[in-house]
Amino acid sequence: SRIKAGLIWMNGQMVPQEEAKVSVLTHALHYGTSVFEGIRAYDTPKGPAIFRLPEHVERLFHSAKVLMMEIPFTPQEISQAIQQVVRENGYKSCYIRPLAWMGAHTLGVNPLPNNPAEVMVAAWEWGTYLGDEAVRKGARLITSSWARFPANVMPGKAKIGGNYVNSALARIEAQQQGADEALLLDKEGFVAEGSGENIFFFKGNTLYAIEHSVNLMGITRDSVIAIARDLGYEVRECRATRDQLYMADEVFMVGTAAEITPVSYLDHRAIGKGVAGEHTMRLRRAYLEAVQGQNLKYEAWLSYVN
Ligand SMILES: Cc1[nH+]cc(COP(=O)(O)O)c(CN[C@@H](CCC(=O)O)C(=O)O)c1O
């Protein structure tokens, strides 16, 4: 594997990456019946700290509940495991991937006989998601021909492995068209989210956050709304159409992996001046100060690893 994950926490034990294996008869491998989280740890003046750990662990258990999956560990045990993986690998800043999945007891479509689920936590050092170049130039997005699934088709508030085939198809399409990322609309054609990010846009000094609707309730989105209000911006949650994004002064997308990534083009139309927006870059700086423990106003969001 090209991923250097080192020591992995697996069902309560720390095992080297090459020993962290599952059966090919694993239910989740066949049917996408897994739940996961994307979490980041950042180096801070007081050592590595995990950003908004409780919220991520809570969402992991929410996702499991949606799938009627039994995770045989408490939220506290999972939180401890996450901190242990960062500490024992000696990472300063890294991306952390907890995963719980339906094992290899049966291969009928109904996953429930595979409870209790198996659980692992892996972490690896991961730089800026779309690359520093994309951040400065802003990412180029195209609207995907794949729509975000309606709420009665897939539970988009849960991070379920199977949900990400929708994201994968959109991401393949975008990158094959030379774009950095895909924008997905909902079934009525309103803006939903990116394949792995929530969407914001500025019109003048007002910041608009796309309402939750069918989208994942992003933790970064929640953090950015709080930081923007602290910086004095008016923030509104709204439903928006793709041409509202075309006419916006700035557009950006947020997520644990993506952090705050400016969008400079959507469907080959320049957003504003066709480069990262000024308010966006100001928000990005404030966000990175918060996650790196340089603004102690947000220290409650940090879980120090040591
Ligand atoms: C569909 C989707 N929408 C919004 C977000 C932003 O959520 P949050 O991280 O809580 O702010 C993510 C996170 N995507 C994760 C997985 C990315 C990937 O697998 O690649 C992430 O950003 O870690 C999504 O997958």
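Here is a short report on the structure shown in this document.

Parameters and conventions
Residues numbered from 1 in each chain as written. Predicted model: local features only at pLDDT ≥ 70, side-chain atom pairs only at ≥ 80, totals over all residues. Heavy atoms only, no water. Helix = DSSP H or I, 4+ residues; strand = E, 2+ residues; numbered from the N terminus. Rg over C-alpha atoms; globule rule 2.2 N^0.38 Å. Buried < 20%, exposed > 50% of the residue type's maximum accessible area, 1.4 Å probe, protein only. Contact = heavy atoms within 4.5 Å. Areas by Shrake-Rupley, 256 points an atom, 1.4 Å probe, with all protein chains shown as cover. Lys, Arg positive; Asp, Glu negative; His and termini not counted. Charge placed at Lys NZ, Arg CZ, Asp CG, Glu CD. Salt bridge = Lys/Arg side-chain N within 4 Å of Asp/Glu carboxyl O. Axes fitted to C-alpha atoms, helices over the stretch in contact; angles between N-to-C directions. Parallel < 35°, antiparallel > 145°, perpendicular 65-115°, else oblique. Left-handed = near helix turned anticlockwise from the far one by under 90°. Core = buried A, V, L, I, M, F, W, Y, C linked by side-chain atoms within 4.5 Å. Pairing = 2+ DSSP bridges.

### Side note on the overall build of the protein
Of the regular secondary structure elements, the protein holds eight helices and 17 strands. Relative to the 2.2 N^0.38 estimate, which gives 19 Å for 306 residues, the radius of gyration of the protein is 19 Å and therefore close to what a compact globule would have. Overall, the C-alpha framework of the protein stretches about 55 × 45 × 30 Å when taken along its three principal axes. When the 306 residues of the protein are sorted by exposure, 54% land in the buried category. Sequence separation of at least 24 residues holds for 71% of the intrachain contacts in the protein that already meet a minimum separation of 6. Taken as a whole, the protein presents about 13,700 Å² of accessible surface, with 53% of it coming from carbon and sulfur. Between the averaged position of the 31 positive side-chain charges in the protein and that of its 33 negative side-chain charges there is a distance of 3 Å.

### As for the side chain of His-56
The topology assignment puts His-56 in helix H2 (residues 53-66). A relative accessible area of 1% places His-56 in the buried class. For His-56, the contacting residues outside a window of four places in its chain are Glu-37, Gly-38, Ile-39, Phe-51, Ile-219 and Thr-256.

### Some details on unusual backbone geometry
Most peptide bonds take the trans form, and the phi angle of most residues other than glycine is negative. The step from Asn-115 to Pro-116 runs through a cis peptide bond, and the omega angle for that step is -5°. As for its placement among the helices and strands, Pro-116 is situated in the loop between strand S6 (94-101) and strand S7 (118-124). Look at Glu-259: it is not a glycine, yet its phi comes out positive at around 55°. The topology assignment puts Glu-259 in strand S15 (residues 259-266). With a relative accessible area of 6%, Glu-259 lands in the buried category. The phi dihedral of His-268 is positive, around 65°, even though this residue is not glycine. Among the secondary structure elements, His-268 is positioned in the loop between S15 and strand S16 (269-270). Accessibility expressed as a relative area gives 64% for His-268, which makes it exposed.

### Regarding the pattern of salt bridges
Under the criterion given, the structure shown has 13 salt bridges. Two residues, Arg-40 and Glu-259, come together in a salt bridge whose shortest N-O distance is 3.9 Å. Within this pair, whereas Arg-40 is found in strand S4 (residues 39-42), its partner Glu-259 is found in strand S15, the two being separated by 219 residues in sequence. Arg-40 sits in the buried class, given a relative accessible area of 5%. Glu-299 serves as the salt-bridge partner of Lys-46, at 2.7 Å between the closest nitrogen and oxygen. Within this pair, whereas Lys-46 is found in the loop between S4 and strand S5 (49-51), its partner Glu-299 is found in the loop between helix H8 (278-291) and strand S17 (302-304), the two being separated by 253 residues in sequence. It is possible to trace a salt-bridge network through shared partners that takes in Asp-186, Lys-187, Glu-188 and Arg-239.

### As for the environment of Ala-139
Its place among the elements puts Ala-139 in strand S8 (residues 139-143). Sequence spacing of Ala-139 and Ala-258 is 119 residues, and the spatial spacing of their C-alpha atoms is 11 Å.

### Comments concerning the packing of H2 against helix H3 (residues 75-89)
Here H2 crosses H3 at 125°, and the two axes come no closer than 10 Å. One element, H2, and the other, H3, form an angle in the oblique class. Both H2 and H3 take part in a crossing whose hand is right-handed. Together, Leu-53, Val-57, Leu-60 and Phe-61 of H2 and Pro-75, Ile-78, Ser-79, Ile-82 and Gln-83 of H3 make up the contact between the two elements.

### A word on the nonpolar core
For soluble globular proteins, nonpolar side chains are generally found buried alongside one another. Counting 30 residues, the largest nonpolar core has Ile-50, Met-69, Ile-71, Ile-78, Ile-82 and Ile-96 as its most contacted members. Mapped onto this core, the elements with two or more residues apiece are S4, H2, H3, S6 and S7. Sort the elements by how many residues they give to this core and H3 lands first, with five residues. Apart from the residues within four sequence positions on either side, Ile-50 is in contact with Ile-39, Arg-40, Ala-41, Ile-82, Gln-83, Val-86, Ile-96, Trp-301, Leu-302, Ser-303 and Val-305. Core analysis: the next-biggest nonpolar cluster, separate from the first, contains 25 residues, Tyr-42, Ile-225, Val-235 and Leu-302 among them.

### Section: the pairing of S7
Here S7 lies mainly inside the structure; six of its seven residues are buried. Examined bridge by bridge, strand S1 (residues 7-10) and S7 share two bridges and lie antiparallel to one another. Opposite Trp-9, over in S7, you have Val-121 as the bridge partner. As judged from the seven bridges shared by S6 and S7, these two strands associate in the antiparallel manner. Following the sheet pairing, Tyr-95 is matched in S7 by Trp-124.

So far we have only geometry, and geometry alone does not tell us how the molecule works.
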